[in-house]
Amino acid sequence: NSSDLSPSSFILASIPGLEAAHSWIAMLLCSVYILAVTGNCAVLFIVKTEPSLHAPMYFFLCMLAAIDLALSTSTVPRVLSFYWFNTREISFGACLVQMFLIHTLSAIESTVLLAMAVDRYVAICHPLRHAAILTNAATAKIGLVAMARGVLFFLPLPLLLLPLPFCSSRVLSHSFCLHQDVMNLACANTTPSVVYGLTAILLVMGLDAILICLSYVLILKAVLRLASWKERLKVFSTCVAHICVVLAFYVPLIGLSVVHRFGKDLAPLVHITMGNIYILVPAVLNPIIYGVRTKQIQRRILNLI
């Protein structure tokens, strides 16, 4: 029975009743994508050409920019093709590759955010040891560990889906491929895939979130030991940009997970909107947040203009 075999393709989700507005939706997504690409490329260029920014915190920021570029580029062009040219089908292999890239890059970004939290902790709680602990070599090793961690934890996800038979329905809930979405279309026992997917997310994103919170508890304790409120605010203000970036990453991630877990009866618009927010919002906000909060980046942007 051909319905029990792996499908040759999946069908990307569209918003019922808004087919006539696809061109406008594509223009909006394209504008946001161009803004994300421009902002992150500007961050990479400014940090590369400004010697005063050659420090671990800004190297981590470059890693975030590169991850956001890769994550948005692995999804948005395909989404734009769907909205502009109505190419709703995506091949089974391309879907698995896209799914692997989305989850792996998200895991790498989570690890980099944890490294940035550790950087803030060392800079505030052990300022005299900061230069000795977070050297350029250590920063590069952290980047490699983040990449290896993401690949090793999330490479099994598409491999677990490969042998599964799929039912006749091939319609996804998003305009791109996610593990939970593809897995729900299988007509076989998906318990190993469910268990491994949940375990990987908890051991990467969940553990990172806990350690980031722990870092800020220690930072807050150190800040509260300072003599005056003015000094406390000045020191803690160096963490504001990172806190905003963490929220911009984890809030859409949690929202998307909640929609998948409890929102099966929600309108397709909610699923598609949450998916696009998860992909695009961090990529757009990260360079804006650090551009607003970092005087060196502000000055460099003004000089470029």
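What you see is a predicted model; the values in this text were computed from it and never measured.

Participant: Explain the overall build of the protein here, please?
Facilitator: Helix and strand content of the protein: 13 helices and two strands. Taken over the C-alpha atoms alone, the protein extends approximately 70 × 45 × 35 Å along its principal axes. Within the protein, the proportion of its 305 residues that are buried is 47%. For the protein, contacts bridging at least 24 residues in sequence account for 80% of all contacts bridging at least 6. A total of about 14,900 Å² of accessible surface is found on the protein, and carbon and sulfur atoms cover 72% of it. Of the charged side chains in the protein, 19 are positive and 11 negative; the average position of the first set lies 14 Å away from that of the second.

Participant: What is the right way to look at the pattern of salt bridges in this model?
Facilitator: Two side chains carrying opposite charge are able to pair once their charged atoms lie near each other. Using the criterion set out here, one finds two salt bridges in the structure. Across the pair Asp 208 and Arg 149 runs a salt bridge whose closest N-O atoms are separated by 2.9 Å. Of this pair, Asp 208 sits in helix α9 (residues 191-224) while Arg 149 sits in helix α6 (residues 136-154), and the two are 59 residues apart along the sequence.

Participant: Sorry if this is basic, but what is going on with the UniProt feature "transmembrane region" (unreviewed entry) in the protein here?
Facilitator: Sequence positions flagged by UniProt for "transmembrane region" (unreviewed entry) are, in local numbering, residues 24-46, 58-84, 90-118, 130-155, 194-219, 240-263 and 269-292. In residues 194-219, helix accounts for 100% and strand for 0%; the two terminal C-alpha atoms are 36 Å from one another. Helix makes up 100% of residues 269-292 and strand 0%, whereas the separation of the span's terminal C-alpha atoms amounts to 32 Å.

Participant: I tried to follow the state of the cysteines on my own but got confused; where do I start?
Facilitator: Here a disulfide denotes a covalent bond joining the sulfur atom of one cysteine to the sulfur atom of another. Under the counting rule described, the total for this entry stands at one disulfide. With a sulfur-sulfur separation of 2.0 Å, Cys 95 is cross-linked through a disulfide to Cys 177. Between Cys 95 and Cys 177 the sulfur-sulfur dihedral comes to about -120°; the bridge is accordingly left-handed. In this pair, Cys 95 sits in helix α4 (residues 92-125) while Cys 177 sits in the loop between α7 (156-161) and α8 (179-183), placing the two residues 82 residues apart along the sequence. Here Cys 95 matches Cys 177 in class, with each residue buried. As a non-bridged cysteine, Cys 239 has Cys 125 as the owner of its nearest cysteine sulfur, 8.8 Å distant. The cysteine Cys 244 is free of any disulfide, with Cys 239 supplying the nearest cysteine sulfur at 11 Å.

What counts and how
- Residues numbered from 1 in each chain as written.
- Predicted model: local features only at pLDDT ≥ 70, side-chain atom pairs only at ≥ 80, totals over all residues.
- Heavy atoms only, no water.
- Helix = DSSP H or I, 4+ residues; strand = E, 2+ residues; numbered from the N terminus.
- Buried < 20%, exposed > 50% of the residue type's maximum accessible area, 1.4 Å probe, protein only.
- Contact = heavy atoms within 4.5 Å.
- Areas by Shrake-Rupley, 256 points an atom, 1.4 Å probe, with all protein chains shown as cover.
- Lys, Arg positive; Asp, Glu negative; His and termini not counted.
- Charge placed at Lys NZ, Arg CZ, Asp CG, Glu CD.
- Salt bridge = Lys/Arg side-chain N within 4 Å of Asp/Glu carboxyl O.
- UniProt positions renumbered as here; feature names shortened; annotations may be inferred.
- Disulfide = S-S within 2.5 Å.

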